[in-house]
Amino acid sequence: MSVLRTQLRGVARRPARLLLTGLAVLVVSFVVYATVLAQQITERSLLDGLSGTPESVDVVVRDGAMTSAELAAVRRVPGVAEAAGRMEYGGQVGGEYLQLLADPGSGPLALASVTQGRYPSKPGEVAVTPRTVERMGLKLGAQVKAQLNYADDGKPLAPSPLTVVGIVSARDDYGFQAYAPAGALAQLTRADFLNRIDVRLAPGADPAAVQQRITAVVAAPKVPADQRPEVLDGATVRHDEAEEKVSDVNAVFAVIAMFVAIAVVAAGLVATSTFRIVFAQRMRQLALLRAVGAGRRSITGALAAEGALTGLATGTAGVLLALGAGHLVPLVAGWSGAHIASPGLPVPAALGTILLAVVLTVLAVLAPAASAARVSPLEALRGAGTTGARRDIGRLRWATGILLTAGAVLLAAYVVANFPGRDPENYDPQPMLFATVASGAFAFFALVALGPVLVRPVLALLGWPIRRSGPVGRLAAGGVGAAPRRAAAVSVVVALGVTLIAGALVGGASFRVLADREMAASSPADYELTGVDLDPVPVALAEQLRARDELTHVTPYRRMEITIGGTEGLAATDLAARALPQLAKLDLSAGSLGDVGPGKVAISGFASDLTGKHVGDQLELTAGKRTVRLTVVAQLNGDAPLHAAAMLDPADLTRLGAPATYSGVLADAAASGEQARTAGNRAINETQAAAGGRWKVDVLADQRDQINDNVTLLLVIAVGLVGLTVVIAVVGVGTTTALSVVERVRESGVLRAVGLSRRGLRTMLTTESALYGVIGAALGLVLGVPYAWMAVKALGVNAPLAVPVGQLAAVFAILVALTALAGVLPARRAAKVSPVAALGAE
């Protein structure tokens, strides 16, 4: 107990050292509790206002057979103040899809509100969203014809005239929405059906009683039981809609929790290293305690209690800081007019975070405390520098590191040996991914065990430019190499962060290439013009599109069904391989698409597997009674463009009986950007409308952009989450450098006494911090790139290995710069100490 009191008095005299020792734990406590508060804010905001059902809706009738008759009956129910029918209908306007939505347009039940013009009041009138004006050219006052109705045999009836009488603001605006009242829309479309009915009750009405009356009205005996609508109260519907969104949020935060857990592990490693340095500096004190009769157990317990106190203090500080930031977010958002819910005060989560901090620091302090307690008084009195500079790791640590390395290598070999082939059937990637993650974990912990042994070789390889820069560089490299345990303890945390970032970048680049290849096959251009009812595209229309300045790479193509290897219903196209830039991204396994010409064909991977034909072989293609024999000059891994099985020369497709008219036309916008894309879309629609309007336009570029945006968003989120580990690593570097400065005061004094300037001392210490980043980043890249490749291959999605060299180099440079910056303040502090005072320090 006396030993414990002595240690606690020392902590009380130096509270700054306590916070410095547990700085990484403080940061991770802040991150953990801030994540909890962020989830609370998100969930409450979703529940408060992101439901698709207006707040004024008291009863909802949905999921059943409903018509205008049921709507009228609901309106007559006593206690009902207002009822709005909802329906969705689709049609074609100038070859583009237009979604028609029923909405009252005003009042408490409205989802859309007029911003220009007026709301429709009769059949044939619509109000459109702002993006629909831009994308489809449906300006205020525009009159167009929409193909809305079809005969029983599927043939289109006469188009319906539409007049744009207003522009509305709505929650969702995808660029193809139009609104009108339910009654007018039903007459226009000749489709008397409703998706749902929203009901607002009169003031003072009994909700339960009205709901029962509505149920009785819509559940008529003539309606089959499985088609009777469901009647729910509005609050339940809004809650279910919000809960659906919250479930997505919970899934996102579950992923975030995994990265936070990695940050917790990193904080534990940094805390262990920090405690080891602190205890090494206090060897004289510990030796005196041993000399006056303190036992190893009592010293270990006292140091563990000090660790628990550190965790309690830093965990509480982290929670309070996170709580302050969490309550500041809604206030700051309110300044810009945004409404964000307050996170409240989740007490259980706060106590759990503080408990986590205490447990983390106790676990982190145990090994350093036990090691410090084992040192004999005489050895401890030799000084901190001797212990801190130990280079051996002991037999047990050697054995552990070798076993972990062997486990990592064996698991990696298993994964590589069992990589799936192209398009595997009934393949389950989970066992392979689990083995990849397990191998990576073994490799990292092997790095933790063997890190001190690896520091000097890595430093010798990467530190030679610094050593050759001059005496200061040699001193910095020597300072890092003289304490390999300390350097390894910090560098492995940096390595963990870089490994995860490198894995995310390599994986993201690989999947981006895969997405580009698949989109090149399915969407090789910005636009595609095809017939509404598979009508052919006249040659004259293709030439008119070529003449439009808003378009470029206008490429007509023909497509027909053929038989290959006895398999009917496959598609062949004469799309020119060099006509569209996107086609250069196709995934070729052999040959060149540029070699396609008369008598030569490019085939898909499926066609190659089906026939066993490869580049150089002869292949027969049949259409009806016609057969051509062609030479395979290119083989793709996936589909040919437009999901065809073969790409032929136009002359060969004509020999198979293809008509002179085209199946479709592909084209790109003349320039990049939303404005140019809208202009190109409008040019195609104007041209095809003038030619008869029997064709439709698909904006394929929107699909490409959506996929690219999704990949980019996932990559940004992944790198951002991995950045938590990097923050912990940088904090560890700063803490280690600060404690190292205290430990090496006499060394700094000697260097100053023999002529090293203050600037030179600052540069030396800052360079040491940068070298921690160099070692860690190098080890992280060595681990991250191979394991990212293994993970991509293990998924079985045919993605190639794409190494973004520029991004990885930027990560390396940024990590080195951050670790260098972490050492700036400690270096400045060390340079301020006079040589005389430094030489007189203990």
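The shown structure was predicted, so the numbers you read here are calculated from the model rather than taken from an experiment.

A.B. asks: Help me out: how do you make sense of the overall build of the chain in this one?
C.D. replies: Scanning the chain for helices and strands turns up 28 helices and 22 strands. Looking at the 842 residues of the chain, the share that counts as buried comes to 48%. Here the analysis covers contacts within the chain between residues at least 6 apart in sequence; of these, 83% occur between residues at least 24 apart. Put simply, the chain shows about 38300 Å² of open surface, and 61% of that area lies on carbon and sulfur atoms.

A.B. asks: Got a minute to help me understand the sheet that holds strand E2 (residues 80-86) in this structure?
C.D. replies: As a general point, the strands of a sheet are linked pairwise by backbone hydrogen bonds and lie either parallel or antiparallel. The strand order E2-E10-E1-E11 describes an open sheet built from four strands, whose pairing is antiparallel. Each having just a single partner strand, E2 and strand E11 (230-233) make up the two edges of the open sheet. Averaged over all neighbouring strand pairs, the angle between strand axes comes to 20°, with direction disregarded. By the bridge criterion, six bridges tie E2 to strand E10 (residues 196-201) in an arrangement that is antiparallel. Considered in E10, the bridge of Gly-85 is made with Ile-197. Where helix H4 (residues 68-75) meets the sheet, its contacts fall on E2 and E10, and the angle it forms with E2 comes to roughly 165°.

A.B. asks: Explain a positive patch on the surface here, please?
C.D. replies: Together, Arg-758, Arg-759, Arg-762, Arg-828 and Lys-832 give the surface a local cluster of positive charge. For the positive patch, the element with the highest residue contribution is helix H25 (residues 758-795), accounting for three residues. Structurally, Lys-832 can be placed in helix H27 (residues 824-832). Residue Lys-832 is classed as exposed on the basis of its relative accessible area, which comes to 60%.

A.B. asks: What should I look at first to understand the packing of helix H18 (residues 484-522) against H25 in this one?
C.D. replies: The angle between the axes and the distance between the axes are what describe a pair of packed helices. Interhelical geometry of H18 versus H25 gives an angle of 35° and a closest axis separation of 6 Å. The handedness of the crossing between H18 and H25 comes out as right-handed. Its residues placed into classes, the contact of H18 with H25 shows 18 nonpolar, nine polar and one charged.

A.B. asks: For this particular structure, what's the right way to read the packing of helix H14 (residues 394-417) against helix H15 (residues 430-462)?
C.D. replies: The N-to-C vectors of H14 and H15 enclose an angle of 155°; their axes lie 8 Å apart at closest approach. Viewed along their axes, H14 and H15 adopt a mutual orientation that is roughly antiparallel. Where H14 crosses over H15, the handedness of that crossing is left-handed. Along the lines of polarity and charge, the residues of the contact of H14 with H15 split into 20 nonpolar, five polar and one charged.

A.B. asks: Can you help me understand the side chain of Arg-86 in this one?
C.D. replies: Inspection of the secondary structure assignment puts Arg-86 in strand E2. Owing to a relative accessible area of 7%, Arg-86 belongs among the buried residues under this scheme. At 2.5 Å, the side chain of Arg-86 forms a polar contact with the backbone oxygen of Leu-109. Setting aside residues up to four positions removed in sequence, Arg-86 forms contacts with Pro-54, Ala-102, Asp-103, Pro-104, Leu-109, Leu-111, Leu-194, Asn-195, Arg-196 and Asp-198.

A.B. asks: Would you mind going over the nonpolar core with me for this structure?
C.D. replies: Where a protein is soluble and globular, its nonpolar side chains tend to be buried together. In this structure, Val-28, Phe-279, Val-480, Val-493, Ile-728 and Ile-775 are the most contacted members of the largest nonpolar core, which totals 77 residues. With 14 residues, H18 is the largest single contributor of residues to this core. Judged by nonpolar contacts, the second largest core, of 39 residues, contains Ile-167, Ala-180, Ala-191 and Val-231.

A.B. asks: Where do I start with the pairing of strand E3 (residues 88-93) in this structure?
C.D. replies: Put simply, side chains in a regular strand alternate between the two faces of the sheet. Taken together, the six bridges between E3 and strand E4 (residues 96-102) define a ladder with antiparallel strand orientation. Each bridged residue has a counterpart across the sheet, and for Gln-92 the counterpart in E4 is Tyr-97. Examined bridge by bridge, E3 and strand E7 (residues 143-147) share two bridges and lie antiparallel to one another. Following the sheet pairing, Gln-92 is matched in E7 by Gln-147.

A.B. asks: Is there a simple way to think about the sheet that holds strand E21 (residues 664-669) in this case?
C.D. replies: The four strands are arranged E13-E21-E12-E22 in an open sheet whose pairing can be described as antiparallel. With one partner strand each, in any of the chains shown, strand E13 (551-557) and strand E22 (695-699) form the two edges of the open sheet. Each strand of the sheet is rotated relative to its neighbour by a mean of 20°, with strand direction disregarded. Packed on one face of the sheet, helix H19 (residues 539-546) meets strand E12 (527-531), E13, E21 and E22 and runs near 165° to E13. Along the sheet, helix H22 (residues 674-690) contacts E12, E13, E21 and E22; its crossing angle with E12, the most-contacted strand, is approximately 20°.

A.B. asks: Explanation requested: the confidence of the model for the chain in the structure shown.
C.D. replies: Low pLDDT marks stretches whose predicted atomic positions should not be read closely. Looking at the chain as a whole, its pLDDT mean stands at 82, while 85% of the residues score no less than 70. Across the chain, element-level confidence peaks in strand E6 (residues 125-128) with a mean pLDDT of 94 and bottoms out in helix H13 (residues 384-388) with 45. Contacts from residues 383-389, a stretch scored under 50 in pLDDT, to residues over four places away or in other chains number 10 contacts.

A.B. asks: Please clarify how the environment of Ser-510 should be interpreted in this entry.
C.D. replies: Along the chain, Ser-510 turns up in helix H18. For the pair Ser-510 and Ala-802, spaced 292 residues apart in the sequence, the C-alpha separation amounts to 4.7 Å. Polar side-chain contacts of Ser-510 include one of 3.0 Å to the backbone oxygen of Pro-800.

A.B. asks: Help me understand the pattern of salt bridges in this model?
C.D. replies: All chains considered together, the criterion is met by 18 salt bridges. Glu-230 is paired through a salt bridge with Arg-62; the nearest N and O atoms lie 3.7 Å apart. Residue Glu-230 is found in strand E11, and its partner Arg-62 is found in strand E1 (residues 59-62); the two are separated by 168 residues along the sequence. A salt bridge links Arg-704 to Asp-526, with the shortest nitrogen-to-oxygen separation between them at 2.5 Å. In this pair, Arg-704 sits in helix H23 (residues 700-743) while Asp-526 sits in the loop between H18 and E12, placing the two residues 178 residues apart along the sequence.

A.B. asks: What is the right way to look at the environment of Ala-670 in this model?
C.D. replies: Take Ala-670: it is sitting in the loop between E21 and H22. On a C-alpha basis, the gap between Ala-670 and Asp-549 in space is 7.1 Å, while along the polypeptide they are 121 residues apart. With sequence-adjacent residues up to four places away left out, Ala-670 is seen in contact with Asp-549, Glu-550, Leu-551 and Thr-552.

A.B. asks: Quick question: what am I supposed to make of H14 here?
C.D. replies: Every α-helix winds through 3.6 residues per turn, so residues three or four apart in the chain are directed the same way. Between its terminal C-alpha atoms H14 stretches 35 Å, which fits the 34 Å expected from 24 residues at 1.5 Å a residue. The inward-facing, buried residues of H14 contact H15 and H25.

A.B. asks: I tried to follow unusual backbone geometry on my own but got confused; where do I start?
C.D. replies: Note: most residues except glycine have negative phi, and most peptide bonds are trans. In this structure, Arg-190 takes a positive phi of about 60° despite not being glycine. Examined against the element boundaries, Arg-190 turns out to sit in the loop between helix H6 (182-189) and E10. At His-643, a residue that is not glycine, the phi angle is positive and equals roughly 60°. Within the element layout of this structure, His-643 appears in the loop between strand E19 (626-636) and strand E20 (646-647).

A.B. asks: Just to check I follow, could you spell out a nonpolar patch on the surface for this structure?
C.D. replies: Together, Leu-328, Leu-331, Val-332 and Trp-335 make up a nonpolar patch on the protein surface, roughly 440 Å² of accessible area in all. With respect to the secondary-structure elements, Leu-331 resides in helix H10 (residues 296-335).

A.B. asks: Help me understand the environment of Leu-541, please; the structure alone is not making it clear to me.
C.D. replies: Among the secondary structure elements, Leu-541 is positioned in helix H19. For Leu-541, a relative accessible area of 2% gives the class buried. In this view, Leu-541 contacts Leu-529, Thr-687, Gln-688, Ala-691 and Trp-695; residues no more than four positions away in its chain are not counted.

Analysis parameters
Residues numbered from 1 in each chain as written. Predicted model: local features only at pLDDT ≥ 70, side-chain atom pairs only at ≥ 80, totals over all residues. Heavy atoms only, no water. Helix = DSSP H or I, 4+ residues; strand = E, 2+ residues; numbered from the N terminus. Buried < 20%, exposed > 50% of the residue type's maximum accessible area, 1.4 Å probe, protein only. Contact = heavy atoms within 4.5 Å. Areas by Shrake-Rupley, 256 points an atom, 1.4 Å probe, with all protein chains shown as cover. Pairing = 2+ DSSP bridges. Axes fitted to C-alpha atoms, helices over the stretch in contact; angles between N-to-C directions. Patch = residues over 30% accessible without salt bridge, like charges linked within 9 Å, V, L, I, M, F, W, Y side chains within 5 Å. Salt bridge = Lys/Arg side-chain N within 4 Å of Asp/Glu carboxyl O. Lys, Arg positive; Asp, Glu negative; His and termini not counted. Charge placed at Lys NZ, Arg CZ, Asp CG, Glu CD. Left-handed = near helix turned anticlockwise from the far one by under 90°. Nonpolar A, V, L, I, M, F, W, Y, C, P; charged D, E, K, R; others polar. Parallel < 35°, antiparallel > 145°, perpendicular 65-115°, else oblique. Polar contact = N/O pair within 3.5 Å; in protein donor to acceptor, adjacent residues only side chain to side chain. Core = buried A, V, L, I, M, F, W, Y, C linked by side-chain atoms within 4.5 Å. pLDDT = per-residue confidence, 0-100. Expected span 1.5 Å × (residues − 1).

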